[in-house]
Amino acid sequence: MPGLTIGDTIPDLEVETTLGKLKIHDYVGDGWAIIFSHPAVCTTELGKMAAYAEEFNKRGVKLLGLSCDDLKSHAVKYPIVADPNREIIKQLNMVDPDERDSSGNSLPSRALHIVGPDKKVKLSFLYPATTGRNMEEVVRVLESLQVAAKHKVSTPVNWKPGEQVVISPGVSNEEAKKMFPQGFQTTDLPSKKEYLRFTKV
């Protein structure tokens, strides 16, 4: 199966959803989107996404779910793509080869792609059908991606929104002083190279 991974352009598929037909690139528009699949049995995942919809909306992020159930089986406010023939999940690399429904068909994995305004995949989670997602982690990594895209920074291990970020090594100290007038701290390293610089944005 061809893999869809970080840096790839999300396929511009025309899909039938609970809110009518749409083309994925038009739906993403100039913002961000989370495109995710779930096993047919998982109403909790759809409901939890709906519960977090306001958090995503505040960050300018649209949701698009994929399901192998028919369109009538769902009642959430964001669009859900019906994919009973498993064609779309294959194109988006969202198939769990080890889990099957009662008819012997492969179930979708719990895959999630965060797509940026350039229609490229910025981050992917790929969980088996048997393991539920951590929604707090989805929000955390989304914040990290958006902060990194806006400020030329990266986020350290276990970073949470509001904590210090690391200025990218490609930014000189002179540039950093202009970009981060609030200042930054440089960590002393054995090499004496001043590339580990922390700031808040």
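See the structure printed just above.
Only a predicted model underlies this, so the values are computations on that prediction, with no experimental measurement involved.

**Here we look at the nonpolar core**
And step 1. Counting 22 residues, the largest nonpolar core has Ile10, Ile35, Leu66 and Leu92 as its most contacted members.
And step 2. Put simply, the parts of the chain that give this core at least two residues each are helix H1 (24-28), strand E3 (32-37), strand E4 (61-67), helix H4 (87-91) and strand E8 (110-115).
And step 3. If you tally residues by element for this core, the top one is H1, at three residues.
And step 4. With sequence-adjacent residues up to four places away left out, Ile35 is seen in contact with Ile10, Ile24, Leu64, Leu66, Leu92, Met94, Ala111, Leu112, His113 and Val115.
And step 5. Counting residues in each nonpolar core, the second largest holds 21 residues, with Met49, Ile80, Val139 and Leu145 among its members.

**A few points about the environment of Ala149**
And step 1. Mapped onto the fold, Ala149 is located in helix H5 (residues 135-151).
And step 2. Taking the C-alpha atoms as reference, Ala149 lies 9.5 Å from Gly116; in sequence the two are 33 residues apart.

**Brief notes about unusual backbone geometry**
Generally, phi is negative for residues other than glycine and the peptide bonds are trans, each holding for most cases.
And step 1. Despite not being glycine, Lys119 shows a phi value in the positive range, around 70 degrees.
And step 2. Tracing the backbone through its elements, the reader meets Lys119 in the loop between E8 and strand E9 (121-127).
And step 3. A positive phi angle, near 60 degrees, is found at Asn158, a position not held by glycine.
And step 4. Within the element layout of this structure, Asn158 appears in the loop between strand E10 (153-154) and strand E11 (165-167).
And step 5. Asn158 sits in the exposed class, given a relative accessible area of 63%.

**A short note on the environment of Asp83**
And step 1. Counting through the fold element by element, Asp83 comes out in the loop between strand E5 (80-82) and H4.
And step 2. Note on Asp83: relative accessible area 3%, which makes it buried.
And step 3. In sequence terms Asp83 and Val15 are 68 residues apart; their C-alpha atoms lie 8.9 Å from each other.
And step 4. In this structure the side chain of Asp83 is engaged in a polar contact, spanning 3.1 Å, whose partner is the backbone nitrogen of Ile88.

Parameters and conventions
- Residues numbered from 1 in each chain as written.
- Predicted model: local features only at pLDDT ≥ 70, side-chain atom pairs only at ≥ 80, totals over all residues.
- Heavy atoms only, no water.
- Core = buried A, V, L, I, M, F, W, Y, C linked by side-chain atoms within 4.5 Å.
- Buried < 20%, exposed > 50% of the residue type's maximum accessible area, 1.4 Å probe, protein only.
- Helix = DSSP H or I, 4+ residues; strand = E, 2+ residues; numbered from the N terminus.
- Contact = heavy atoms within 4.5 Å.
- Polar contact = N/O pair within 3.5 Å; in protein donor to acceptor, adjacent residues only side chain to side chain.

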